[in-house]
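Inside the fold
Here is how the chains run, residue by residue.
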Amino acid sequence: MTKVNLTIDGRKIITDAGKTILEAAIENNIYIPNLCHHEDLKPSGVCRMCMVEIEGQRGQIIACKTIVTEGINVIIDSPDITNIRQTTLELIHCNHTQDCNNCMKNSYCQLQKVTAYVGINQKRFERMRKIKDYIEIDDSNPFFNLDHNKCIICGICVRTCDEIQGVNALDYGKRGFYTIISSYDNRQIKDSDCESCGECVVRCPVGALYPKNMQIPSREVKTVCTYCGVGCNIFLGVRGNKIISSRGDRNSIVNKGRLCVKGRFGYEFINHPERLKQPLIKKDGVFVEASWDEALDLVASKFSSSKKEKFAAFSSARVTNEDNYIIQKFTRAVMGTNNIDHCARLCHAPTVSGLVQTFGSGAMTNSIDEFLHTKTIFAIGSNTTAAHPIVALHLKEAKRNGAKIIVANPKEIDLCNYADIFLQQYPGTDVALLLGMIRYIIDENLVDKNFINERCEDYDTFTQSLEDFSLEEVEKITGVPAAKIAKAAKMYATNTPSAIFYAMGITQHSHGTDNVLAISNLALLTGNIGKESAGVNPLRGQNNVQGACDMGALPDVYPGYQKVNNPVAQEKFEKAWSVKLDNNIGITHTEIISEIEHGNIKSLYQVGENPVISEADANHVKKALDKLDFFVVQDIFMTETAQYADVVLPAASFAEKDGTFTNTERRVQRIRKVIEPIGDSKPDWWICCEIAKRMQAKGFEFSNAEEIAKEAFALTPSYVGISYDRIENEGLQWPCPTPEHAGTKYLHKEKFATPSGKAKFMPLTYKLSKELPDDEYPLLLTTDRSLYHYHTSTMTRKVEGLRELDKEELLKINPHDARHFHIKDGEMVKVLSRRGEVSVKTHITDICQKGVVSMTFHFFETPTNELTICEVDPVAKIPETKVCAVKIEKIL
C-alpha cells in the first residue's frame, strides 16, 4: 500500500493513499468536528462541519471527501473555519430540541460533542427564528422511536438503510428548511418497508432515533446470538439479573457489528415470566412442582427400565456443543442405544448424506466473509433475507461490488429485488432445473476440464445420464423458460468465482439428497469448489445445528462423524468412555416417532425441540406421544410438546451458561454465562449428567462446560486443535487438527475428504414429489419463514415487539387462484390436506405462482404441519415439508 506524508494541525503523519483527510485525522486521534461521517458509510459531506483549509490553497474544503495528497499541510482551525462551523451549528440548534438532560443520547450525543468543541455565538443564536413546528414523535415501531425534533438531517440513517441494508425504507422528505427524514409517502415507520433491524438507530449521532425503554447496562458480556446459524457475535447488556440490551460486536468477522431484528431486539424471552423455573411432574394429569432430587430420581428410575431399543433421545440444535456431547454420550454409554437424533433430520440431513458422497464432508465449504468477493451468487431454495439476514447483507454488498445474482425459488422472494436472473421453478423440480443447467454448460463446452481431470471421478458416467435434460424438456418440467436457464448456466459457469447458497427449499423433499447431489455436480463441473469465494454453501437454520451434528447427536455416527458400525471408531469410544457400545446404527427422528406409535419405543428424552409444531404430519406425532410409557421434556418454556410429557425439566437458556456453538461456516465460538439461571433452571449438560450419575454411570463427573469440551474435542478429529483459550476472542473454523493449526477458511483446497481424495460426480434421475395436486386437492402447499419469527416461535412470540410485527399466520395465494376460488384478501378460510385442516387468514400476493400457496409454521394456533406429508427421502429420512396437495374451503 502506497503511503502519503502530510501534516494535520501541525502534526506530521503518514497514512495510506486513498484515505480522506478526515479518516487520516481519526486514525491519528486528531479531532475534526463532524456530524454526518460514519466509518461504515461512504462520505456524503452534508453537515459541512469538517471544513478545513490546506496551506497555499484558497478557501475551505470538506475533510470527509478530500483525498490526502503528498506533503499537504491541513489547517483544522481558523477564524473563517470557526465562523462557518458556528453558523452551521446555530442553524442546526435553532430547530433542535434543547432538553438534553431528558434525551436518550445525553452524554453520547455527537451534537453535544461538536457544540462543546466549536461553541456558538449566543447573541447571533438568540436572533435566529425557529422555522419548524413541533412534529409528533413517530412511536409506531415496537422497538424504537423517530423524533424529528432532534433530527439534524445528517442522512446517516438514510445511507445506512441504503448502503448497508439495501432496503431504502428511509429517504429525505419535503425540501429546503422543511426537510425531514421520511419513509415513502411519509408513512409511519411501522407501515414502511422498515425491517426493524435497528442499524439506523445504532448509527444515529443524536437522539432522533432511539430504542424504546432504553437503559444503560451496568455491564456487558460478549456471546453469540441464539437464533439462526450465522452465529453473530453480540454483547448482551445487563442490569441486575436482567438482559436489557443487545448490540453487535464490530470486531467480529462474522457479522461486523450488524444484527437483524431478532438479534438486536429479540432477547426479551430470556427473562420472560413464563420461563420454566422448577421441575414439573405430571400427577393425575396435572403438572405439579417438584424438587430436582424427586424429578431426577424418577427419571433415572424410569429410564433404567427402558434401555436399549426401548429408548430414544432427541437432542437439540438449540443447545451447546457440550450439551449435545453429553446427551449423545448418555444415550450410547448409559442407555445402550444409538437411537439419538435432532432437528437436523428435518432440515439439513440431505446436505450431510449428499455432500459426504461427493466431497467427503457435509459442511458449508466456504466462509461468510469471502462472499463479498464472489462474482456470481446462485441462491436456490433459500429465502436468505428472511432466514439468514446477515448473510444476505454480505450478498447485497457483493452485488454493490459488481457481483451477479441468480435466484431460483418457487416464490418471488425479497432477494429477487437484487437478482440479475430469477428462475421461478415449480416446487419439487430442482433436480431437473440443475441438470438442465449442467447439460447446457457441457453442450456449450463451458466446463473446467482441468479441474475435472485432476480432481474428480466418474465424469463420463455422469454425462451419459443427462440425455433427458435438454433445455426444452427442462422447461416443460420446471416452467422456467429455456433461454433463462441457459443465461443462468452461462453466468454461473463463466463469471467466476461462483458460489451456491441453499437451504430447506432444496433439502425438505422426498428427493432432497438428489437435490444436493445435483448442486455438487454443478459446482464440480465448473471448478467452483476448493477455492476462495466459491463453493457449495448450505445455510444452517439453527444456531448450533452444525455443532449438534459434529458432536454426534445422530444415530449413525459418534462425534466427528465416526461411524458407530466402524470397529475402529467403536473401540476408540469404548476405551474413552470405559463401556461396551452398541454397533448397530440407530433410527432417525421420523423413524423414532413411528416406532413410538408402533409401541416399540417406550421412553423418550427430548431436549429443546417442539415436534408437535415442527414435525411433518403433526397429528401423527401427537398420536405417537400419547402412546409413550414415559416422556421427559427438557426446555426453557412449556412448549406445545411439553404438554405431553410426564416430567418437564427447566433448562438454562444460552445466556445463563458457558459453552460453544458452531455456526454455519464451521466456526466454533464461545458463548458465555451472562446472568444467573432463571429460577431453579439448570444447564442441559448438568441435568443429563445428574440423570446418568443416578443410574450409577461413570464418566459424567463434570464440574463445568470447559471440562466437557476438553473431552469432546479430543475425541473429535476436526476439533482437536480447538480450546477455550484459543477461541476466547475469535472462533476457529474446523477442521483444526492441532493446537498450532489456524483453522480452515474453506474446504477441499488441495484434496477432497473422500478415500481417493477426489470428488465424485453422481448420475441422477428426476423424481416427482410424493404428493402433487389433483382434482380433489388442486393446490400445492409449500412452507417458508418469516423474518420476525424463529422456528416454532417458542422464543420469538415471547417478545412483544416481534409479535406486533408479525401477528398471525397468513395463507399466501396468487391473485389468479384467489379469483378462481372466490377468495378475498384477509378472508378466513380452511386449508385441508389428506392429513388435517387449519383455519387461516388469506393474503393475496404475486410472490406465489399460480397453483402454489404458502404458509410458515410459526403459529401454534394455525399448525401448518398438520397439513404436511411425512413422505421421506429414502437416504436422509427427511420429510417432504416443501410439497403437499391441499384444497381451500370458505368458512361460512
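Conventions used here
Residues numbered from 1 in each chain as written. Predicted model: local features only at pLDDT ≥ 70, side-chain atom pairs only at ≥ 80, totals over all residues. Heavy atoms only, no water. Helix = DSSP H or I, 4+ residues; strand = E, 2+ residues; numbered from the N terminus. Buried < 20%, exposed > 50% of the residue type's maximum accessible area, 1.4 Å probe, protein only. Areas by Shrake-Rupley, 256 points an atom, 1.4 Å probe, with all protein chains shown as cover. Lys, Arg positive; Asp, Glu negative; His and termini not counted. Charge placed at Lys NZ, Arg CZ, Asp CG, Glu CD. Salt bridge = Lys/Arg side-chain N within 4 Å of Asp/Glu carboxyl O. Pairing = 2+ DSSP bridges. Axes fitted to C-alpha atoms, helices over the stretch in contact; angles between N-to-C directions. Parallel < 35°, antiparallel > 145°, perpendicular 65-115°, else oblique. Left-handed = near helix turned anticlockwise from the far one by under 90°. Contact = heavy atoms within 4.5 Å. Nonpolar A, V, L, I, M, F, W, Y, C, P; charged D, E, K, R; others polar. Patch = residues over 30% accessible without salt bridge, like charges linked within 9 Å, V, L, I, M, F, W, Y side chains within 5 Å. Phe/Tyr/Trp six-rings, centres within 6.5 Å; stacked < 30°, edge-to-face > 60°. Lys NZ or Arg CZ within 6 Å of the ring centre and 35° of its normal. Polar contact = N/O pair within 3.5 Å; in protein donor to acceptor, adjacent residues only side chain to side chain.

Looking now at the overall build of the protein. Looking only at helices and strands, the protein has 28 helices and 37 strands in total. Split into buried and exposed, the 892 residues of the protein put 62% on the buried side. If you sum the accessible surface of the protein, you get close to 34100 Å²; carbon and sulfur atoms cover 48% of it. Computing the positive centroid from 106 side-chain charges and the negative centroid from 114, the protein places the two 3 Å apart.

Bringing the pattern of salt bridges into the picture now. Using the criterion set out here, one finds 45 salt bridges in the structure. A salt bridge links Arg670 to Asp658; the shortest N-O distance between them is 3.9 Å. Remark: Asp658 occurs in the loop between strand 27 (647-650) and strand 28 (659-662) and Arg670 occurs in strand 29 (residues 667-671); sequence separation between them is twelve residues. With relative accessibility at 32%, the residue Asp658 sits in the partly exposed group. We note a salt bridge from Glu728 to Arg672, for which the minimum N-O separation is 3.3 Å. Remark: Arg672 occurs in the loop between strand 29 and helix 25 (684-694) and Glu728 occurs in the loop between helix 26 (705-715) and strand 30 (732-733); sequence separation between them is 56 residues.

All right, on to the sheet that holds strand 12 (residues 242-248) then. In spatial order, the strands read 10-11-12; together these three strands make up an open sheet with antiparallel pairing. At either margin of the open sheet sits one strand with a lone partner, and together these are strand 10 (219-224) and strand 12. Taken pair by pair, the neighbouring strands of this sheet meet at an average axis angle of 30°, ignoring direction. As judged from the six bridges shared by strand 11 (residues 233-239) and strand 12, these two strands associate in the antiparallel manner. Within strand 12, the residue paired with Val238 across the bridge is Ile243.

A separate point is the packing of helix 16 (residues 471-478) against helix 17 (residues 482-494). Contact pair helix 16 / helix 17: the axes reach a minimum separation of 8 Å and the direction vectors enclose 110°. When the interaxial angle is binned, helix 16 and helix 17 end up roughly perpendicular. Considering only the axes of helix 16 and helix 17, their crossing is right-handed. Two secondary-structure elements touch here, helix 16 through Leu471, Val474, Glu475 and Thr478 and helix 17 through Ala482, Ile485 and Ala486. When its residues are assigned to classes, the contact of helix 16 with helix 17 shows five nonpolar, one polar and one charged.

Note on placement: Arg258 falls in the loop between strand 12 and helix 7 (261-265). Taking the C-alpha atoms as reference points, Arg258 and Glu728, separated by 470 residues in sequence, lie 20 Å from one another.

Once that is clear, we can look at a negative patch on the surface. The grouping of Glu467, Asp468, Glu472, Glu473 and Glu475 at the surface amounts to a negative patch. When you line up the elements, Glu467 lands in the loop between helix 15 (459-463) and helix 16. Looking at Glu467, the relative accessible area reads 66%, which means it is exposed.

All chains considered together, the criterion is met by 23 aromatic pairs. Aromatic side chains Tyr227 and Tyr790 sit 5.4 Å apart centroid to centroid with 80° between the ring planes, which places their arrangement in the edge-to-face category. With Tyr227 in the loop between strand 10 and strand 11 and Tyr790 in the loop between strand 32 (779-783) and helix 27 (800-805), this pair connects stretches of sequence that are 563 residues apart. Taken as a pair, Tyr227 and Tyr790 share a single burial class, namely buried. Put simply, the rings of Phe303, Phe311, Phe330, Tyr605 and Phe630 pair up and form one aromatic cluster. The ring of Phe700 has Lys329 lying over it, and the distance from NZ or CZ to the ring centre is 5.0 Å. Between Lys798 and the ring centre of Phe637, over which it is positioned, the NZ or CZ distance is 4.4 Å.

In this section: the pairing of strand 25 (residues 603-607). Where burial is concerned, most of strand 25 is hidden: five out of the five residues are buried. Burial of the side chains of strand 25 extends over both faces: Ser603, Tyr605 and Val607 are buried on one face and Leu604 and Gln606 on the other. Both strand 15 (residues 311-314) and strand 25 contribute to a ladder of four bridges, which runs parallel. Across the sheet, the residue bridging to Ala312 is Leu604, located in strand 25. The pairing of strand 25 with strand 26 (residues 630-635) spans five bridges and is parallel. Following the sheet pairing, Leu604 is matched in strand 26 by Phe631.

Attention now goes to the side chain of Glu809. Along the chain, the position of Glu809 falls in the loop between helix 27 and strand 33 (810-813). It turns out Glu809 is buried and unbridged, and the closest side chain with the opposite charge, Lys812, is 5.0 Å from it. Looking at Glu809, its side chain comes within polar contact range of the side chain of Thr856, at 2.6 Å. Excluding residues within four positions of it along the chain, Glu809 makes contact with Val840, Lys841, Met855, Thr856, Phe857, His858, Phe859, Thr862 and Thr864.

Looking now at the environment of Asp77. Looking at the secondary structure, you find Asp77 in the loop between strand 5 (73-75) and helix 2 (79-94). Accessibility expressed as a relative area gives 37% for Asp77, which makes it partly exposed. Asp77 sits 661 residues away from Thr738 along the chain, and the two C-alpha atoms are 56 Å apart. Leave out the neighbours within four places in its chain, and Asp77 touches Thr82, Arg85 and Tyr117.

Right, let's talk about unusual backbone geometry for a bit. In this model, Thr496 is joined to Pro497 through a cis peptide bond whose omega is 5°. By the element assignment, Pro497 lies in the loop between helix 17 and strand 21 (498-502). Note that the residue after Trp734, namely Pro735, is joined by a cis bond; omega there is 0°. Note on placement: Pro735 falls in the loop between strand 30 and strand 31 (759-760).

Taken together, the seven strands give an open sheet; going across it, the order is 14-13-27-26-25-15-16, and neighbouring strands pair in mixed fashion. The open sheet terminates on both sides in strands that have one partner only, identified here as strand 14 (286-289) and strand 16 (340-341). In this fold helix 22 (residues 589-597) packs onto strand 15, strand 16 and strand 25, with an angle of close to 140° to the strand it touches most, strand 15.

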